Amino acid sequence: MKTDLSAALFAQAKAVIPGGVDSPVRACKAVGCDPLFLKKAKGAVVVDVDGNEFVDFVCSWGPMILGHAHPAVVEAIRETALDGTSFGAPTPLEVELARLVCDSVPSLEKVRFVNSGTEATMSAIRLARGYTGRNVVVKFDGCYHGHADSFLVKAGSGVITLGIPGSPGVPEDIVKNTLSIPYNDEEVLETTLRDEALDIACVIVEPVAGNMGVIVPELSFLRKLRDLTRELSIVLIFDEVITGFRLALGGAQERFGILPDLTCLGKIIGGGLPVGAYGGKKEIMDMVAPDGPVYQAGTLSGNPLAMAAGLAMLNELRKPGFYEALEEKSRWFAAGLEQIAGNSSVPAVLNRIGSLMTCFFTEAPVTDYRSAMLADTDRYGRHYRRMLAGGIYLAPSQFEAAFISAAHDRSHLEKALDLTESSFKKMAKS
Ligand SMILES: *Cc1c(COP(=O)(O)O)cnc(C)c1O
């Protein structure tokens, strides 16, 4: 595979951008190669600057559930841009999208748009703190909620992958208010919440973990979380930045039938443009400025371009049968992967829900951060490089999800299965 142009660009990028990338995992350090620079994409296929084509299982880390450059989304962006890209004033499109989002996500009565998932989560915990008058935030080991100070404690893939415990630059005074406890552990959950109840503003959770690889929680764990937080008047925040509009139109909360007090959204909601959102019960959302005292603002928030892209995206997702078709395709693909793993001596565990999945190179079930960390990351690196060379673009870390989009067809998935099979054969020999 020719990668001269990517290599040259990476050298130039490193001179002017830290590590040559604008988000750390993109540097591909965890899989022992240099990043490819992409120049275009269509449907399930991405193309790099050297002209190599790949079937894409990264999907921009989740947003591209329709595949790349979907005509309806592109057309909405083009049309809207002709009338101006940002006014810093209210626009009709944001009302339309807000109504659609509140209709789609079961627990949402009101929603505020921001520009990224990080902004959504940091605003949601500020709101929870303002609402309860308490300071402590409880999160779970290996869950990622963006890069705001309070969350950089045992914070999932980007941080795991680089082996940085938390981050310099985050004051201890801030993270002393963050408690991180094991995912899926009902006992520790109950003890922690009961012991610290009077100080805890909120519990924030990925209702399906996606940033230590995919981990589907026990339903009883989520139920216990809901019951305890309700009993103890703690705000429950679902970080549905990945799962929102992915596991169902109404996200994980619809799929599991468990409703949080606040929800954070991102990724899919912007149709590939930078959009995040947080929302929930009126009673809590009415605390946000200008109705209430909790300040949160944004110059580009709700800008027409981003809102138009989000609307076009959601209108496609609302078409009858969309999620059923995605589920069916994902189940078929996962069955193929499981068969390959089952026929091989290579230890591998497949975690999947809907169109989200991770194949961990490990023996035992992966249910939390500790068990995820047992995965063989060197083996993943070798697998990744073989898949890439064969034209399959996977996430450059063992601790990320593979995403299936509506644009993946049988031939894309069969190509991935064939290559996986030959990669597993090579692993079994070595
Ligand atoms: C990606 C992600 C975020 C952060 O969103 P950005 O748009 O990257 O700031 C927050 N929470 C979860 C669960 C995510 O996967």
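Just so it is clear, the structure is predicted and the values come from calculations on it, not from any experiment.

Q: How would you sum up the sheet that holds strand β12 (residues 356–360)? Please name residues and give values.
A: Taken together, the three strands give an open sheet; going across it, the order is β11-β12-β14, and neighbouring strands pair in antiparallel fashion. Since the sheet does not close on itself, it has two edges, and those belong to β11 (349–353) and β14 (402–403), each with one partner. On the sheet, helix α12 (residues 322–342) packs against β11 and β12 and is oriented at approximately 175 degrees with respect to β11.

Q: Give me the lowdown on the site of the ligand, citing residues and values where you can.
A: Around the ligand lies a shell formed by S116, G117, T118, Y144, H145, G146, E206, N211, D239, V241, I242 and K267. Here a nitrogen atom of the ligand and a side-chain polar atom of D239 are 2.6 Å apart. One nitrogen or oxygen atom from the side chain of K267 is found 2.6 Å from an oxygen atom belonging to the ligand. Starting from 380 Å² of accessible surface for the ligand in isolation, the protein chains cover 83%. Class assignment of the residues belonging to the shell around the ligand gives a composition of three nonpolar, six polar and three charged.

Q: Report on the layout of surface pockets, specifying residues and quantitative values.
A: Of the voids in this model, the second largest pocket is the one considered here, and its volume is about 380 Å³. Together, 19 residues line the second largest pocket, and E94, R112, F113, S301 and G302 are the ones closest to its centre. Broken down by secondary-structure element, the contributors of at least two residues to the lining of the second largest pocket are α3 (92–104) and β4 (110–114). Among the elements that make up the lining of the second largest pocket, the one with the highest residue count is α3 (three residues). Within the lining of the second largest pocket, the residues separate by chemical class into nine nonpolar, eight polar and two charged.

Q: Go over the environment of N343, please, and point to the residues and values.
A: Within the element layout of this structure, N343 appears in the loop between α12 and β11. Residue class for N343 comes out exposed when judged on its relative accessible area of 65%. For the pair N343 and E421, spaced 78 residues apart in the sequence, the C-alpha separation amounts to 9.4 Å.

Q: Explain the pairing of strand β2 (residues 45–48) to me, and be specific about the residues and the numbers.
A: Judged from the four bridges that link them, strand β1 (residues 38–42) and β2 form a sheet pairing that is antiparallel. Across the sheet, K42 pairs through a bridge with V45, a residue of β2. Hairpin connection between β1 and β2: a loop of two residues separates the two successive antiparallel strands, and G43 in this loop has a positive phi of roughly 60 degrees. Looking at chain direction, β2 and strand β3 (residues 53–56) are connected through three bridges and run antiparallel.

Q: Account for the sheet that holds strand β6 (residues 178–181), with residues named and values stated.
A: Taken together, the seven strands give an open sheet; going across it, the order is β4-β10-β9-β8-β7-β5-β6, and neighbouring strands pair in mixed fashion. The open sheet has two edge strands with one neighbour each: β4 and β6. Strand-to-strand twist of the sheet, defined as the mean angle between neighbouring strand axes without regard to direction, takes the value 20 degrees. Bridge count between strand β9 (residues 262–265) and strand β10 (residues 276–280): four bridges; the pairing is antiparallel. When the sheet's bridge partners are listed, C264 is paired in β10 with Y278.

Q: Can you lay out the domain arrangement of the protein for me, pointing to particular residues and giving the numbers?
A: Note on interface size: it is often stated as the accessible area lost on association of the parts. Taken domain by domain, the protein comprises domain 1 (4–69 + 321–429) and domain 2 (71–317). Taken residue by residue, the interface counts 37 residues in domain 1 and 36 residues in domain 2. Both faces combined, the contact of domain 1 with domain 2 buries some 2800 Å², and carbon together with sulfur accounts for 69% of it. Per-residue buried area on domain 1 facing domain 2 is highest for Y323, I353 and Y369; these three make up 24% of the total on that side. At the surface where domain 1 touches domain 2, the tally comes to one salt bridge.

Each value, and the rule that gives it
- Residues numbered from 1 in each chain as written.
- Predicted model: local features only at pLDDT ≥ 70, side-chain atom pairs only at ≥ 80, totals over all residues.
- Heavy atoms only, no water.
- Pairing = 2+ DSSP bridges.
- Helix = DSSP H or I, 4+ residues; strand = E, 2+ residues; numbered from the N terminus.
- Contact = heavy atoms within 4.5 Å.
- Axes fitted to C-alpha atoms, helices over the stretch in contact; angles between N-to-C directions.
- Near = heavy atom within 4 Å.
- Polar contact = N/O pair within 3.5 Å; in protein donor to acceptor, adjacent residues only side chain to side chain.
- Areas by Shrake-Rupley, 256 points an atom, 1.4 Å probe, with all protein chains shown as cover.
- Nonpolar A, V, L, I, M, F, W, Y, C, P; charged D, E, K, R; others polar.
- 1 Å grid on protein atoms, 1.4 Å probe; cavity = no way out; pocket = protein on both sides within 12 Å on 5 of 7 lines; lining within 4 Å.
- Points joined across faces, edges and corners; volume = space filled by probe spheres on them.
- Buried < 20%, exposed > 50% of the residue type's maximum accessible area, 1.4 Å probe, protein only.
- Domains from an automatic or database assignment.
- Buried area = accessible area lost by both parts, 1.4 Å probe.
- Salt bridge = Lys/Arg side-chain N within 4 Å of Asp/Glu carboxyl O.

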